[in-house]
Amino acid sequence: KLPQGKMRWTCRVRCENAITMNLGFSRYNMPQSGSMTIMESNGSFKIRPFTAQDNKDHGELWTPVVPSNEALIEIIVDRADKKLVSRNVELSSVNAGYRWLRDFGDRGSSESCNVDVLCETGDAWWNEIPSVGVYTLNGYLTCSGAMINNTAEDQTPYLITANHCGVTSSTDSTIVVYWNHQNSYCREGSASGNNGNGNFSQFTSGSTMRATRSYTDFTLTELSSNPNPSWGVTYSGWSRGSSTNGVGAGIHHPNAAEKRISIPDYSSASGEFWNVNWNIGRTAPGSSGSPLYDSNHRIVGVLCCGASYCTNDSNDYYGRSLNLSWSYLDDWLDPLGTGQQTLDTYNSTSAGSGACCIGETSCIVLSQFNCDNGGGSYQGEDTVCEDGCLQNAPGACCVGGGCVNINEAGCNTGGGVF
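Residues numbered from 1 in each chain as written. Predicted model: local features only at pLDDT ≥ 70, side-chain atom pairs only at ≥ 80, totals over all residues. Heavy atoms only, no water.

Colleague: Hey, could you run me through the sheet that holds strand S24 (residues 362-366) in this one?
Modeller: Through backbone hydrogen bonds, the strands of a sheet pair up, either in parallel or in antiparallel fashion. Ordered by their spatial adjacency, three strands build an open sheet running S24-S23-S25, and the pairing between neighbours is antiparallel. In this open sheet, the two strands that pair with only one neighbour each are S24 and strand S25 (377-381). The sheet shows a mean angle of 20 degrees between the axes of neighbouring strands, direction not considered. Pairing analysis gives five bridges linking strand S23 (residues 354-358) to S24, with the strands arranged antiparallel. Looking at S24, one finds that Ile358 is bridged to Ser362. (Pairing = 2+ DSSP bridges. Helix = DSSP H or I, 4+ residues; strand = E, 2+ residues; numbered from the N terminus. Axes fitted to C-alpha atoms, helices over the stretch in contact; angles between N-to-C directions.)

Below, the structure written as structure tokens:
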């Protein structure tokens, strides 16, 4: 019993020799007065409180990973609602992890040839980078996936991933997707293969599987709630075309490590797959389910399989799900029945957006959150690139018989022609 008519229920759960833990509640229907906190027993790590807002239609709740072999579960509720907690909150699964999220044996968190999304390679992709997440299923790290737009552009939280990753109608409620798990700066050389400083504080729990097919290896699942708008998660566009129209990108979590970006040397259609050879970066286990984008920044498929590593130049294979399995996806991704062949990325305006200057010559319209995450300089809400940082981009300024490379303002001040 606590003061002010409250009660506290506490349970300590321990898994000998485990490195991490994850909890599953087969029944979770928290009364409005209640909140549940899960933490390490010493209090050094704590998941944000779960409340009645986490009650879902499927009635389950699966938690993020706790980096310990002992977890403390604490529910605080009005005394009048004590019986509601007893009847409607049931802990049914305690999952023991035998390796930490950042510990993947001899290979480390990622191979060193993989490129952080904060590096220059990712500069032009900050509308799409925030849409990609890494997730656990049944308490274990499995695959990558991406939020994907639909023709209603209503932010229905569809996540596309690979069929072989195991999201089914019986496991879909156990998914926990982590957003913006990326290093805060660009690491170069061997450092890019080390453990990064990404965290797992932003997550979405639970989903309902909508469509899946082993041919072209894809699954579409609808998350039980939208990611918090303040996290800046976007909804990637897609293309049903039979070509990738040149070089695009792969955005992924190799070995479930911090988010990376890879650039193909070429990609071509081969049966039910896109055959991809890499110029910059590679993929790894954990990258499965991540999107392949065409040159117009639209998803054309998700990673199935392959043998690419830093030490070889083998190809990877992405299922041609948008092109060859559209009849499985159209009810969800084209709810308006438009018959569209392509759709662009949706970047929610709820957080505001404006010109984001990246380096001296790159500019893209983003939310301030995503601009800051990308190491850019935000110019303010509703600004456009032409009125902002691109005016400061260097270019040829001709004065008399010679030209120099300076920005337009400096050129005009000096009486030159830009």
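Alright, that's what it looks like, and here's the rest.
Colleague: Explain the sheet that holds strand S4 (residues 61-62) to me, please; I cannot follow it from the model alone.
Modeller: Overall, antiparallel pairing links the three strands, which are arranged S4-S2-S6 in an open sheet. Here the strands that pair on one side only, and so sit at the sheet edges, are S4 and strand S6 (89-97).

Colleague: Mind showing me how you'd approach the side chain of Ser325 here?
Modeller: Within the secondary structure layout, Ser325 lies in the loop between helix H2 (321-324) and helix H3 (326-333). Ignoring anything within four residues of it in the chain, the contact list for Ser325 reads Arg213, Tyr215, Thr216, Phe218 and Arg320. (Contact = heavy atoms within 4.5 Å.)

Colleague: Would you mind going over the environment of Gly237 with me for this structure?
Modeller: Inspection of the secondary structure assignment puts Gly237 in strand S15 (residues 237-239). Placed 30 residues apart in sequence, Gly237 and Ser267 show a C-alpha to C-alpha distance of 19 Å. With residues near it in sequence (within four places) discarded, Gly237 still touches Arg298, Ile299, Leu343, Asp344 and Thr345.

Colleague: How should I be thinking about the state of the cysteines in this particular structure?
Modeller: Across all of its chains, the model carries three disulfides by this definition. Put simply, Cys119 and Cys186 are joined by a disulfide, and their sulfur atoms are 1.9 Å apart. Here the S-S torsion is close to 90 degrees, and the disulfide linking Cys119 with Cys186 is therefore right-handed. Of this pair, Cys119 sits in the loop between strand S7 (115-116) and strand S8 (132-137) while Cys186 sits in the loop between strand S11 (176-178) and strand S12 (203-205); the two residues are 67 residues apart in sequence, bridging distant segments of the chain. With relative accessibility at 6%, the residue Cys119 sits in the buried group. (Disulfide = S-S within 2.5 Å. Buried < 20%, exposed > 50% of the residue type's maximum accessible area, 1.4 Å probe, protein only.)

Colleague: What's the story with the packing of aromatic side chains in this structure? I'm lost.
Modeller: We describe a pair of aromatic rings using the distance from one ring centre to the other and the angle between the two ring planes. In the structure shown here, the tally under the stated rule is nine aromatic pairs. Residues Tyr158 and Trp332 carry aromatic rings whose centres are separated by 6.4 Å and whose planes lie at 70 degrees to one another, so their mutual orientation is edge-to-face. A residue pair is termed long-range when its members are at least 10 positions apart, and Tyr158 in strand S10 (residues 158-161) and Trp332 in helix H3 qualify at 174 residues. We classify Tyr158 as buried; its relative accessible area is 6%. Overall, the relative accessible area of 26% leaves Trp332 in the partly exposed class. Summarising the aromatic geometry, the rings of Trp238 and Trp326 are spaced 4.9 Å apart at their centres and angled 45 degrees between planes, so their arrangement reads as tilted. Within this pair, whereas Trp238 is found in strand S15, its partner Trp326 is found in helix H3, the two being separated by 88 residues in sequence. Comparing Trp238 with Trp326 shows no difference in burial state: the two are buried. Above the ring of Trp274, the side-chain terminus of Arg320 is found at 5.1 Å from the ring centroid. (Phe/Tyr/Trp six-rings, centres within 6.5 Å; stacked < 30°, edge-to-face > 60°. Lys NZ or Arg CZ within 6 Å of the ring centre and 35° of its normal.)

Colleague: Looking at this structure, how should I read the pairing of strand S21 (residues 316-319)?
Modeller: When a strand is regular, its side chains alternate between the sheet's two faces. Examined bridge by bridge, strand S18 (residues 273-280) and S21 share four bridges and lie antiparallel to one another. Residue pairing across strands places Val276 opposite Asp316, the latter belonging to S21.

Colleague: What is the right way to read the environment of Lys259 from this model?
Modeller: Within the secondary structure layout, Lys259 lies in the loop between strand S16 (249-252) and strand S17 (260-270). According to the relative accessible area criterion, Lys259 is buried, its value standing at 0%. As for Lys259 and Asn183, which are separated by 76 residues in sequence, their C-alpha atoms are 7.5 Å apart. At a separation of 2.8 Å, a polar atom in the side chain of Lys259 contacts the main-chain carbonyl oxygen of Val132. (Polar contact = N/O pair within 3.5 Å; in protein donor to acceptor, adjacent residues only side chain to side chain.)

Colleague: What exactly am I supposed to notice about the confidence of the model for the protein chain here?
Modeller: Low-pLDDT stretches of the model should not have their predicted coordinates read in fine detail. Mean pLDDT for the protein chain: 88, with 91% of residues reaching 70 or above. Considering only residues more than four positions removed or in separate chains, one finds that residues 100-108, a stretch of pLDDT under 50, has 23 contacts. (pLDDT = per-residue confidence, 0-100.)

Colleague: Is there a simple way to explain the side chain of Arg187 in this structure?
Modeller: Within the fold, Arg187 resides in the loop between S11 and S12. At 2.8 Å, the side chain of Arg187 and the side chain of Asp116 are in polar contact. Ignoring anything within four residues of it in the chain, the contact list for Arg187 reads Asp116, Cys119, Ser192, Asn194, Asn195, Gly196, Glu258 and Arg260.

Colleague: Please clarify how the pattern of salt bridges should be interpreted in this entry.
Modeller: Opposite charge on two side chains allows them to pair when their charged atoms are near. Scanning the model with the defined rule gives 11 salt bridges in all. One salt bridge in this structure joins Glu222 and Arg210, with 2.9 Å as the shortest N-O distance. Of the two residues, Glu222 is situated in strand S14 (residues 218-223) and Arg210 in strand S13 (residues 207-213); the sequence distance between them amounts to 12 residues. Residue classification places Arg210 among the partly exposed residues on the basis of a relative accessible area of 31%. What emerges from the salt-bridge pattern is a single network uniting Arg12, Arg14, Glu16 and Glu70. (Salt bridge = Lys/Arg side-chain N within 4 Å of Asp/Glu carboxyl O.)

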